[in-house]
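Spelled out from the first residue to the last, the chains are:
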Amino acid sequence: SLDLSMEGLRLEGQGRLVPGDILSLEMELDDERETRLNLKAIVRWSAPSLTEGSVVAGLEFRDFDSRSDGYYH
């Protein structure tokens, strides 16, 4: 990921990310507790990356509440 916020993230990688697609994500945060998140996100936009063959996309988290049980350790 390139940017991460409570609302979503910007992701660079291989493959095809189509606006409107819903993705299931599992993320490990680089924090003291090594928090792992399981959540869903919708692709809001995508474009070719400056890196050959890669794509960059903006994802918005769906039904994510930082106070919920959406994470585990």
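Refer to the preceding data block for the structure.
Scoring rules and cut-offs
Residues numbered from 1 in each chain as written. Predicted model: local features only at pLDDT ≥ 70, side-chain atom pairs only at ≥ 80, totals over all residues. Heavy atoms only, no water. Salt bridge = Lys/Arg side-chain N within 4 Å of Asp/Glu carboxyl O. Buried < 20%, exposed > 50% of the residue type's maximum accessible area, 1.4 Å probe, protein only. Helix = DSSP H or I, 4+ residues; strand = E, 2+ residues; numbered from the N terminus.

Chemist: What am I meant to see in the pattern of salt bridges here?
Modeler: Any two side chains of opposite charge can pair, given that their charged atoms come close. In the structure shown here, the tally under the stated rule is 3 salt bridges. For the salt bridge of Glu28 with Arg36, the shortest nitrogen-to-oxygen distance reads 2.9 Å. Accessibility expressed as a relative area gives 57% for Glu28, which makes it exposed. A residue is classified by how much of its surface remains accessible, and Arg36, at 29% relative accessible area, is partly exposed. Between Glu60 and Arg44 there is a salt bridge, and its shortest N-O distance comes to 2.6 Å. Of this pair, Glu60 sits in strand β5 (residues 55–62) while Arg44 sits in strand β4 (residues 36–48), placing them 16 residues apart in sequence. Judged by its relative accessible area of 45%, Arg44 is partly exposed.

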